[in-house]
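Spelled out, the chains give:
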Amino acid sequence: LCRCIATGIHRRVNSTTSTTRSRFKTFGWIALFVVAALIAVLLAGVYFALKPNNFTPLLLERIGRATGLEITAKGRTEINWRGTPYIVLRDVEAHAVGERTALLTAARIKIAMPWVTLKSRGQTLVVDRVELDAPVLDLAAFRRWQDARPKTTSQIPEFKHGISVKRGQVVGQG
C-alpha cells in the first residue's frame, strides 16, 4: 500500500515537473521567435532607412536646416559605408531659403567623411575629401545668404585630402 501511494505521488510530481518543463520550453521557443522577429524588423528598417533614396532627403533636409539652405539632388545618389564613408550627389542645387536664384549648382558632389566625424555628430569636424564637378557659384546669391546668416565662431573643418574642383565657375563680380 505504501509503495502504491508513494508511486502515485512520485508519478504526480514527475508529471507536474514535466508539465512545468514543457511550459518553460514552449515559452523559451516563443521568446526566441519574438526576439528573432524583432531583430529582423530592426535590420530591415536600418537597411531601408540607409538606402540612398530614403537617406538622401533626410540628410539634405538636416544640412539645409543647419545652414539655412534648401538643397536638392535630382540625380542618382550613391552611398558607401565601408572604409571611409562617402556620399555622391548628382544635379545638386542649393538656394537660400526664400531665394529663387541658386547660390550653388553642381553636376556632382562627393563628400567623404571619416567615422570619427559621423560618430561625433559634427562635434569633430574632419572631412576626408570633397569633389565638385562643374560647380557654379553665384557670388551675389552667396553674399546675400552669407549676410543673412548669424555671426558665429564655428570652426572650419579639417580637410585631410583636400578639395577637388573640375570645370568650376564663379558668376558675378566681387
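Only a predicted model underlies this, so the values are computations on that prediction, with no experimental measurement involved.

This part takes up helix H4 (residues 139-148). For H4, every residue scored as buried is listed here: Leu139, Ala141 and Trp145. Seen along its axis, H4 keeps its buried residues to an arc of 160 degrees; they face one direction.

Taken together, the side chains of Ile30, Phe33, Val34 and Leu38 present a nonpolar region at the surface, about 430 Å² in accessible area. Along the chain, leucine 38 falls in helix H1 (residues 2-49). Using a relative accessible area of 58% as the deciding quantity, one classes leucine 38 as exposed.

To continue, consider the pattern of salt bridges. One pass over the full model with this rule turns up seven salt bridges. Residue glutamate 131 pairs with arginine 108 through a salt bridge whose shortest N-O separation is 3.0 Å. Separated by 23 residues along the polypeptide, glutamate 131 in strand S6 (residues 129-133) and arginine 108 in strand S4 (residues 102-112) bring together distant segments of the chain. Like glutamate 131, the residue arginine 108 is buried in the burial classification.

Along the chain, the position of glutamine 123 falls in the loop between helix H3 (115-119) and strand S5 (126-127). On the basis of relative accessibility, which here comes to 66%, the residue glutamine 123 falls in the exposed class. Considered as a pair, glutamine 123 and glutamine 155 are 32 residues apart in the sequence and their alpha carbons are 9.8 Å apart.

Before going further, it helps to examine the nonpolar core. Core analysis: the largest hydrophobic core is formed by 18 residues, its most contacted members being Leu69, Ile71, Leu89, Val92, Leu103, Ile109 and Trp145. Within the residue set of this core, elements represented by two or more residues are helix H2 (52-67), strand S1 (69-73), strand S3 (86-96), S4, S6 and H4. No other element matches the five residues that S3 contributes to this core. Every residue in contact with valine 92, bar those within four places of it in the chain, is listed here: Ile71, Thr72, Ala73, Leu104, Thr105, Ala106 and Ile109.

Procedures and definitions
- Per chain, residues are indexed from 1 in the order of the written sequence.
- Since the coordinates come from a predicted model, pLDDT governs what is reported: local features require at least 70, and pairs of side-chain atoms require 80 or more to be given and counted, while whole-chain, interface and lining totals use all residues.
- To get the side-chain values, all heavy atoms of the structure are used, and hydrogens and water are removed first.
- Buried means the residue's accessible area, taken with a 1.4 Å probe over protein chains only, is under 20% of the maximum for its type, while exposed means over 50%, and partly exposed covers the values in between.
- Put simply, DSSP marks the helices as runs of H or I at least four residues long and the strands as runs of E at least two long, and each gets a number from the N terminus on.
- In this description, the arc belongs to the directions extending from the helix axis to the C-beta atoms.
- Patches draw on residues past 30% relative accessible area with no salt bridge. Two like charges within 9 Å are joined, as are two nonpolar side chains (Val, Leu, Ile, Met, Phe, Trp, Tyr) within 5 Å.
- Reported accessibility uses the Shrake-Rupley method at a 1.4 Å probe radius. Residues are deemed covered only where the shown protein chains occlude them.
- Between Lys or Arg on one side and Asp or Glu on the other, a salt bridge is scored when a side-chain nitrogen of the former is within 4 Å of a carboxyl oxygen of the latter.
- The criterion is simple. A nonpolar core is a set of buried Ala, Val, Leu, Ile, Met, Phe, Trp, Tyr and Cys residues joined through side-chain atoms within 4.5 Å.
- Contact criterion: two residues are considered in contact whenever any of their non-hydrogen atoms come within 4.5 Å of each other.

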